[in-house]
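# Structural description and commentary
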Amino acid sequence: MSNQLPKQVKLFGAVSLLNDFASEMVYPLLPAFVTGVLGGGAAALGALDGAADAAAAFVKLIAGRLADRPSRRGPLIVGGYFLAAAVRPIIAVTAAAWQVIALRVVDRLGKGLRTPPRDALIGDVTPPPLVGRAFGLQRGLDHVGAVIGPLIAWWMLSTGADVRRVIVASLVPGVLVLVLATWAVRGSTRREGAGGAQEPSETVPPPPAPYRPLPPSVIAISVFYLLRMPETLMILRAQRLGIAVALIPLLWAGLHVVRSSTSFVGGALSDRIGPSRTMWIGWLSYVVLAAGVVAGLTESPERALVSAATGGHRGSGFGVYHALTGVAALIGGIALGVIFQRVSGATAFLVSAVGALSLVILWPFWTRLHRVPPQ
């Protein structure tokens, strides 16, 4: 069996890099833009993250069902990237916080369209022993883009550009995303076997494996998203501790350097010791405030679990997984935003950490009760 990742996995890694390049030019600046330029508060930032994730969650359910048909995946993926690239620069001309929230929601609708079919495609073309590494590569390159974007934003701000101009400039990498995504989905209805040979699957699709419901571990994953601090509130906390707005993109880039490197490690570790154990290590990292490590050690094993559990219905499986975590992020984002604004930022972080610690302690008992395998 070949130990090389399929070509399409590498192409989608490059697509993710470019897309996050565009997105992360804008995202780290939204807290300062909403609170400073538009006059919003911490609750608005919690709603910004939560509403965006919830809107994407609903679309992911539909896109996931559609993505069970391989021939539909290409249009869904390209359409999702197009919607995000088209709407993101419009944030620059907004005049109120609710407008930013609305546009951010539309941006995330694009994410909802593309994510389940892309993840299902990656799961389909990758041999089972390499699934963790495949998603580790995709998530790792995604975070590389999240390093480049903030650095470009910082350079523009330091040379005299304002926040609105930086947001407009995100259109350039967004266009490159569309070009590369269109290339990446060519032949997306072809399936690679374990030895790298390809067999047609559009004209004579292989019989789908019996559907298996998502494992109980996905419920625990959703609880973690409920407890996880929205990143916009992390940025706002940093600003209130005295970090200048112009330096926020550098802080954001540093965070994603850690995320990128640990994503590759997390993917390989997931294949080696199992996704359940790798996730637990990621949750423990969150409790000890190693925020950059968390994504790298949780994103790949989460997707590996879903891919293994759903067989021939990977589109639906990934749609449900992303929807559940999106709804959890909405509820948690708003609740933690309210605590941040009405009590204090320190209290909000404490509530999040204590909740995550409870999850870490309960996870071994949960795996035994529901017979969650380590791999």
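Preceding this section is the structure that the text describes.
This structure is a prediction, so every number in the text was calculated from the model and none was measured. (Residues numbered from 1 in each chain as written. Predicted model: local features only at pLDDT ≥ 70, side-chain atom pairs only at ≥ 80, totals over all residues. Heavy atoms only, no water.)

With that out of the way, let us pick up the overall build of the protein. Summing up its helical and strand segments, the protein has 15 helices and two strands in all. Here the protein, with 375 residues, has 57% of them falling under the buried criterion. By sequence separation, contacts in the protein at least 24 residues apart represent 83% of the contacts at least 6 residues apart. (Helix = DSSP H or I, 4+ residues; strand = E, 2+ residues; numbered from the N terminus. Buried < 20%, exposed > 50% of the residue type's maximum accessible area, 1.4 Å probe, protein only. Contact = heavy atoms within 4.5 Å.)

This brings us to the pattern of salt bridges. Applying the stated criterion to the full structure yields 10 salt bridges. A salt bridge links Arg-88 to Asp-107; its shortest N-O distance comes to 3.8 Å. Linking Arg-88 in the loop between helix H4 (70–87) and helix H5 (97–125) with Asp-107 in helix H5, this pair joins segments that are 19 residues apart in sequence. Across the pair, Asp-107 and Arg-88 agree in class, each one buried. The shortest N-O distance in the salt bridge between Asp-107 and Arg-108 comes to 3.6 Å. On the basis of relative accessibility, which here comes to 2%, the residue Asp-107 falls in the buried class. Here the salt bridges do not stand alone but share partners, grouping Arg-88, Arg-104, Asp-107 and Arg-108 into one network. (Salt bridge = Lys/Arg side-chain N within 4 Å of Asp/Glu carboxyl O.)

Another aspect to go through is H4. For H4, built from 18 residues, the straight-helix expectation of 26 Å at 1.5 Å per residue is met to within 8% by its first-to-last C-alpha distance of 27 Å. Of the positions making up H4, those classed as buried are Arg-73, Gly-74, Leu-76, Ile-77, Gly-80, Tyr-81, Ala-84, Ala-85 and Val-87. (Expected span 1.5 Å × (residues − 1).)

Moving on, we get to the packing of H5 against helix H14 (residues 314–342). At a closest axis distance of 8 Å, the pairing of H5 and H14 adopts a crossing angle of 130 degrees. Between H5 and H14, the crossing angle belongs to the class labelled oblique. Considering how the two elements wind past one another, H5 and H14 form a crossing that is right-handed. On H14, the residues touching Thr-115, Pro-116, Asp-119, Ala-120, Gly-123 and Asp-124 of H5 are Arg-314, Gly-315, Phe-318, Gly-319 and His-322. Grouping the amino acids of the contact of H5 with H14 by side-chain chemistry returns three nonpolar, five polar and three charged. (Axes fitted to C-alpha atoms, helices over the stretch in contact; angles between N-to-C directions. Parallel < 35°, antiparallel > 145°, perpendicular 65-115°, else oblique. Left-handed = near helix turned anticlockwise from the far one by under 90°. Nonpolar A, V, L, I, M, F, W, Y, C, P; charged D, E, K, R; others polar.)

Looking now at the environment of Phe-135. When you line up the elements, Phe-135 lands in helix H6 (residues 131–158). As a C-alpha pair, Phe-135 and Val-9 span 126 residues in sequence and 8.2 Å in three-dimensional space. Not counting residues up to four positions away in its chain, the partners in contact with Phe-135 are Asp-119, Ile-122, Gly-123, Ser-300, Arg-303, Ala-304, Ser-307 and Phe-318.

Counting residues in each nonpolar core, the largest one holds 78 residues, and the members touching the most others are Ile-91, Val-166 and Trp-283. Broken down by element, this core gets its largest block of residues, nine residues, from helix H1 (residues 7–26). (Core = buried A, V, L, I, M, F, W, Y, C linked by side-chain atoms within 4.5 Å.)

Here we come to the packing of aromatic side chains. Evaluation of the coordinates by the stated rule reveals six aromatic pairs. On the numbers, 5.5 Å between centres and 85 degrees between planes, the contact of Phe-224 with Tyr-286 is edge-to-face. Of this pair, Phe-224 sits in helix H9 (residues 217–227) while Tyr-286 sits in helix H12 (residues 275–287), and the two are 62 residues apart along the sequence. In terms of burial, Phe-224 and Tyr-286 fall into one category: buried. (Phe/Tyr/Trp six-rings, centres within 6.5 Å; stacked < 30°, edge-to-face > 60°.)

Our next topic: H6. Along its 28 residues, H6 runs 41 Å from first to last C-alpha, staying within 8% of the 40 Å computed at 1.5 Å per residue. The buried count for H6 comes to 20 of 28 residues, which makes it a mostly enclosed element. Where H6 ends, the next residue or the one after it, Gly-160, has phi of about 110 degrees, a positive value.

A few words now on the side chain of Gln-138. If you trace the backbone, Gln-138 turns up in helix H6. Exposure remark for Gln-138: the relative accessible area of 0% places this residue in the buried category. When residues no more than four places from it in sequence are discounted, the contact partners of Gln-138 are Phe-12, Gly-13, Ser-16, Arg-118 and Ile-122.

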